[in-house]
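# Structural overview for review
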Amino acid sequence: PGPGRGAANLSYGNSFNWLIENTASYSKTFANHSISALAGYTTQKSKGVGVSLNAGPYANDLIQTINAAPGITSWGQSVDTWSMISYLGRLNYSFKDRYLFTATLRSDGSSRFGTSNRFALFPSAAVAWKLSDEAFMKAIPVIDHMKLRASYGKSGNNNIGNYSHLSNVSMGQYAFNNTTVSTATVSLFNPLLGWEESEQIDLGLETALFKGKLSLTADLYHRKSVNML
């Protein structure tokens, strides 16, 4: 810039994110049965703060500190925070390590959503059958491993901007009758804003042949997402 047109910008940011996870597990094997279970509670919070200052004009570029400027031309500050809380549980069961079953259930709550839909439940279940361990499959020596599996699950997505469910006021300017006037734009409160949910059903087959020289995995699945964010 030429004389008297120098400008300075100072920006500062700070963020802090903490996560606490507490889980308890249990497992037991008896006869041909094996059971394991897990229960947990997690909570997380994040906060970010940013400040920016623009100063000028400077007579030259010899002194570049903010306090040497004749004035602050613009400034801004932002505070962004979100939190999440989750309760979760999982149960595993197997019989002879041949018939397998897994079920999970978790409840998630996010501060990014309205008060009416802040919490949601996400269940899942899966079963598997190791056919290669059955007696009738032992007669096929080329098959080393074969397993059928099926699963169903629901998952959630909360990747949306913070405070989207709240009423916000955005300031601006507008030209009216050759005069610049200040404006305010208001977004409405939405207590129904909630989780994006995806349901998926999966069917799969795993095989290993010829002493592990050839392997094949095939999956067929159907996924549906609702309440897209």
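Shown above is the structure to which this text applies.
Everything numeric here is computed off the predicted structure, so don't read it as measured data.

### Brief notes about the overall build of the protein
Along its length, the protein carries zero helices and 10 strands. Over its C-alpha atoms the protein spans a radius of gyration of 29 Å, topping by over 25% the 17 Å that the globule rule assigns to 229 residues. For the protein, the C-alpha atoms occupy an extent of roughly 90 × 45 × 40 Å along the three principal directions. The contacts of the protein with a sequence gap of at least 6 include a subset with a gap of at least 24, amounting to 61%. For the protein, the distance from the average site of its 19 positive side-chain charges to the average site of its 14 negative ones is 3 Å.

### Overview of the pairing of strand β9 (residues 196-209)
Relative to β9, strand β6 (residues 143-157) runs antiparallel, the two being bridged by 14 bridges. Considered in β9, the bridge of Ser-151 is made with Asp-202. Sheet analysis places β9 next to strand β10 (residues 214-226), joined by 13 bridges and oriented antiparallel. Bridging across to β10, Leu-209 finds its partner in Leu-214. Here β9 hands over to β10 after four residues, with Phe-210 in that stretch at a positive phi of 55°.

### Quick notes on the pattern of salt bridges
Counted under the stated rule, the structure contains nine salt bridges. A salt bridge links Glu-199 to Lys-154, with the shortest nitrogen-to-oxygen separation between them at 4.0 Å. Remark: Lys-154 occurs in strand β6 and Glu-199 occurs in strand β9; sequence separation between them is 45 residues. The network of salt bridges with shared partners includes Lys-147, Arg-149, Asp-202, Glu-206 and Asp-219.

### Digging into the nonpolar core
Counting seven residues, the largest nonpolar core is built from Trp-82, Met-84, Phe-113, Ala-120, Phe-122, Leu-193 and Trp-195. Contributing elements (two or more residues each) for this core: β3 (72-95) and β5 (119-130). Sequence-distant contacts of Trp-82, defined by excluding residues within four places in its chain, comprise Asn-17, Gln-44, Lys-45, Ser-46, Ser-111, Arg-112 and Asn-162.

### Considerations on the environment of Phe-210
Tracing the chain through its elements places Phe-210 in the loop between β9 and β10. Taking relative accessible area as the criterion, Phe-210 reaches 44% and is therefore assigned partly exposed. Excluding anything up to four places from it in sequence, Phe-210 contacts Val-142 and Asp-144.

### Observations regarding the side chain of Ser-110
Within the secondary structure, Ser-110 is located in strand β4 (residues 99-110). Here Ser-110 falls in the buried class, since its relative accessible area comes to 1%.

### Looking at the sheet that holds β9
On the basis of which strands lie adjacent, the open sheet formed by eight strands has the order β1-β2-β3-β4-β5-β6-β9-β10 and antiparallel pairing. Each having just a single partner strand, β1 (6-30) and β10 make up the two edges of the open sheet. Each strand axis lies, on average, 10° off the axis of its neighbour in the sheet, ignoring direction.

### A few points about the packing of aromatic side chains
What the rule picks out here adds up to four aromatic pairs. Centre to centre, the rings of Phe-113 and Trp-195 are 5.2 Å apart; their planes meet at 55°, and the pair counts as tilted. With Phe-113 in the loop between β4 and β5 and Trp-195 in the loop between β8 (179-187) and β9, this residue pair connects regions lying 82 residues apart in the sequence. Owing to a relative accessible area of 0%, Phe-113 belongs among the buried residues under this scheme. Owing to a relative accessible area of 5%, Trp-195 belongs among the buried residues under this scheme.

### Overview of the pairing of β3
Examined bridge by bridge, strand β2 (residues 33-58) and β3 share 23 bridges and lie antiparallel to one another. Note that in β3 the partner of Tyr-41 across the bridge is Tyr-87. Strand direction decides the pairing type here: β3 and β4, joined by 12 bridges, are antiparallel. Residue Leu-88 lies in a different strand from β4, and its bridge partner there is Arg-106. The hairpin turn running from β3 into β4, its antiparallel successor, is three residues long, and Lys-96 in that turn takes a positive phi close to 60°.

Criteria and thresholds
- Residue numbers here run from 1 along each chain, matching the order of that chain's written sequence.
- Local features are withheld for residues below a pLDDT of 70 in this predicted model, meaning they are given only at 70 or higher, and side-chain atom pairs are given and counted only at 80 or more; totals for whole chains, interfaces and linings count all residues.
- Side-chain measures were taken over the full set of non-hydrogen atoms in the model, leaving aside hydrogen atoms and water.
- Secondary structure is summarised from DSSP: a helix means a run of H or I of at least four residues, a strand means a run of E of at least two, and numbering begins at the N terminus for each.
- As a reference, a globule follows 2.2 Å times the number of residues to the power 0.38, and the radius of gyration itself is taken over C-alpha atoms.
- Throughout, a contact is declared for two residues whenever any of their heavy atoms are within 4.5 Å.
- In this charge count, Lys and Arg are treated as positive and Asp and Glu as negative; neither His nor the chain ends contribute.
- Lys charges are placed at NZ, Arg charges at CZ, Asp charges at CG and Glu charges at CD.
- Criterion used throughout: strands pair if DSSP finds at least two bridges between them.
- Salt bridges are defined by distance alone: a side-chain nitrogen of Lys or Arg within 4 Å of a carboxyl oxygen of Asp or Glu.
- Among the buried residues, those of types Ala, Val, Leu, Ile, Met, Phe, Trp, Tyr and Cys that are joined through side-chain atoms within 4.5 Å form a nonpolar core.
- Remark: exposure states derive from per-residue accessible area (1.4 Å probe, protein chains only) relative to the maximum for the residue type, with buried under 20%, exposed over 50%, and partly exposed in between.
- Throughout, an axis means a line fitted to C-alpha atoms (over the contacting stretch in the case of helices), and angles, computed between N-to-C directions, take values from 0 to 180 degrees.
- Working definition: rings of Phe, Tyr and Trp (its six-membered ring) pair if their centres are within 6.5 Å, and the pair is stacked with planes under 30 degrees apart, edge-to-face with planes over 60 apart, and tilted otherwise.

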